[in-house]
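Here are the chains, one letter per residue:
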Amino acid sequence: MPQFAANLSMLYTELPFLDRFEAAAADGFKAVEFLFPYAWPAVEIAARLRGNGLQQVLFNAPAGGVDATSSVQTWESGMRGTACLPGREAEFRQGVAMALAYAEALDCPRIHLLAGRAPAEASVESVESVEALHTTYVNNLRWAADQAARAGRRVLIEPINTRDMPGYFLNYQAQAHAILAEVGSPALQVQMDLYHCQTMEGDVASKLRQYLPTGRVGHIQIAGVPERHEPDTGELNYTYLLGVLDAVVAESGWDGWVGCEYRPRRGAVPRGTSDGLGWRDAVRP
């Protein structure tokens, strides 16, 4: 079975954020991920990781803003990244620098770089606008990958479905891998979320077999489709898919983590996450 990491932005939400580390460790998780750390001092998060024997495996660079306060505000206002947005390169670079500082403090090997939403004028009919977004995205990713490599980290890009995040610039697995090829840095990888993959394009098992052996997938995330609840419900057969993943891992040596980025069916109630973790045995191949 794969190594599961608890997503602390979606799991254990009945608890204050800093208390979720202990809850995840008590339920047997050895690693965690979350969206953003910037509302809390890095030293405090690092202490929670050490105190509970947890490894930090992933978090996002800021969705926007130039400091901790503004990065929180931009997400809450609907900003979903600046990597593809012309004219905001300095803001993007400040966010990457902030994320790398947190990654050093948390000993986290991977940072997800949010692409951003395309402006309304960048429609499929506006080829010039789309090309400007693409060029900005590639140039920003090339710079960020170089910075990450110097710091001993990797940066990831994630195709996200247009139902949950309308207008998001990166939506498909093939699109992401083409961008990796264009950037040309081993420090840039794909974050493969099977929930988003199924929602946008399906054929998930074939994509696991296609992309994992390339070494270009740095992290996987799972959730039930379409409600984004525990993986033992919905239209995806995770018993089968995790069996496929095990087989691919055995052949390719892929050693990444699988993030549990779902919303518990019971919601933010006491033991809402813990009581729903039976899926870990239910989906075991």
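Here the structure is shown first, and the text comes after it.
Definitions and limits used
- For every chain, the first residue of its written sequence is number 1, and the numbers climb from 1 along that sequence.
- The predicted nature of this model means local features are confined to residues of pLDDT at least 70 and side-chain atom pairs, given and counted, to a pLDDT of 80 or more, with totals for whole chains, interfaces and linings taken over all residues.
- For the side-chain quantities, the full set of heavy atoms in the structure was used; hydrogens and water were omitted.
- Pairing of aromatic side chains requires ring centres within 6.5 Å, counting the rings of Phe and Tyr and the six-membered ring of Trp. Pairs whose planes differ by under 30 degrees are stacked, by over 60 edge-to-face, and all others tilted.
- The numbering of helices and of strands both runs from the N terminus, where a helix is a DSSP run of H or I of at least 4 residues and a strand a run of E of at least 2.
- Residue exposure (1.4 Å probe, protein chains only): buried if accessible area is under 20% of the type maximum, exposed if over 50%, otherwise partly exposed.
- Here, a charge over a ring means that NZ of Lys or CZ of Arg falls within 6 Å of the ring centre while also lying within 35 degrees of the ring normal.
- Two strands are said to pair when DSSP picks up at least two bridges between them.
- What counts as an axis is a line fitted to C-alpha atoms, over the stretch in contact for a helix, and the angles between N-to-C directions run from 0 to 180 degrees.
- Any Lys or Arg side-chain nitrogen located within 4 Å of an Asp or Glu carboxyl oxygen qualifies as a salt bridge.
- In the analysis that follows, any N or O atom pair within 3.5 Å is treated as a polar contact, provided that within protein one partner can donate a hydrogen and the other can accept it, and provided that, for residues neighboring in sequence, both atoms belong to side chains.
- Contacts are residue-level and defined by heavy atoms, with any inter-residue pair within 4.5 Å sufficient.
- Of all possible arcs, the one meant is that of the directions from the helix axis to the C-beta atoms.
- Whether a crossover is right-handed comes down to one check: with the strands pointing away from the viewer, does the path from the first strand over the helix to the second run clockwise; if it does, it is right-handed.

A. Up close: the packing of aromatic side chains. This structure, assessed with the given rule, holds 13 aromatic pairs. An angle of 25° between the planes, with centres 4.1 Å apart, marks the rings of Phe 17 and Trp 40 as stacked. Here Phe 17 is found in the loop between strand S1 (3-7) and helix H1 (20-26), whereas its partner Trp 40 is found in the loop between strand S2 (31-33) and helix H2 (42-51), with 23 residues between them in sequence. In this structure Phe 17 comes out as buried when scored by relative accessible area, which is 7%. Every member of this aromatic cluster is reached through a ring pair, and the members are Phe 17, Phe 21, Phe 34, Phe 36, Tyr 38, Trp 40, Phe 59, Trp 75 and Tyr 102. The ring of Trp 75 has Arg 80 sitting right over it, with the charged end atom 3.5 Å from the ring centre.

B. Structural detail: the sheet that holds S1. Spatially, S1-S2-S3-S4-S5-S6-S7-S8 is the arrangement adopted by the eight strands of the closed barrel, whose pairing is parallel. Strand after strand, the sheet turns through a mean of 30° between neighbouring axes, direction not considered. Sheet topology places strand S4 (residues 110-112) next to strand S5 (residues 154-157); three bridges connect them, and they run parallel. Looking across to S5, one finds that Ile 111 is bridged to Val 155.

C. Up close: the pattern of salt bridges. As enumerated under the stated definition, the model contains 15 salt bridges in all. With a closest N to O distance of 2.9 Å, Arg 48 and Glu 44 form a salt bridge. Of this pair, Arg 48 and Glu 44 both sit in helix H2, four residues apart, which is roughly one turn of the helix. Accessibility expressed as a relative area gives 26% for Arg 48, which makes it partly exposed. In this structure, Arg 271 and Asp 275 form a salt bridge, with 2.9 Å as the shortest nitrogen-oxygen distance. Since its relative accessible area comes to 48%, Arg 271 is described here as partly exposed. For Asp 275, a relative accessible area of 46% gives the class partly exposed. A single salt-bridge network, built from bridges that share partners, covers Arg 163, Asp 164, Asp 193, Arg 228 and Glu 261.

D. Highlighting the side chain of His 219. You can see His 219 is positioned in strand S7 (residues 217-222). Within polar-contact distance, the side chain of His 219 engages the side chain of Glu 33 at 2.6 Å. At 3.4 Å, the side chain of His 219 and the backbone oxygen of Trp 257 are in polar contact. For His 219, the contacting residues outside a window of four places in its chain are Glu 33, Val 57, Leu 58, Arg 110, Leu 156, Val 190, Gln 191, Met 192, Trp 254, Trp 257 and Gly 259.

E. Helix H3 (residues 68-76), seen in detail. Taken together, the buried positions of H3 are occupied by Ser 70, Ser 71 and Thr 74. Take H3 and look down its axis: the buried residues cluster within an arc of 105°, on one side only. Along H3, the residues that are exposed and aim more than 90 degrees away from the buried face are Thr 69 and Glu 76. Count one or two residues on from H3 and you reach Gly 78, which has phi positive near 110°.

F. Quick look at the pairing of S7. Burial within S7 is extensive, with six of its six residues counted as buried. Pairing analysis gives four bridges linking strand S6 (residues 188-193) to S7, with the strands arranged parallel. Pairing of Gln 191 across the sheet is with His 219, part of S7. Pairing of S7 with strand S8 (residues 257-260), which is carried by three bridges, proceeds in the parallel orientation. Considered in S8, the bridge of Ile 220 is made with Val 258. Once the chain exits S7 it traverses helix H9 (residues 238-252) before rejoining the sheet at S8, and the crossover so formed is right-handed.

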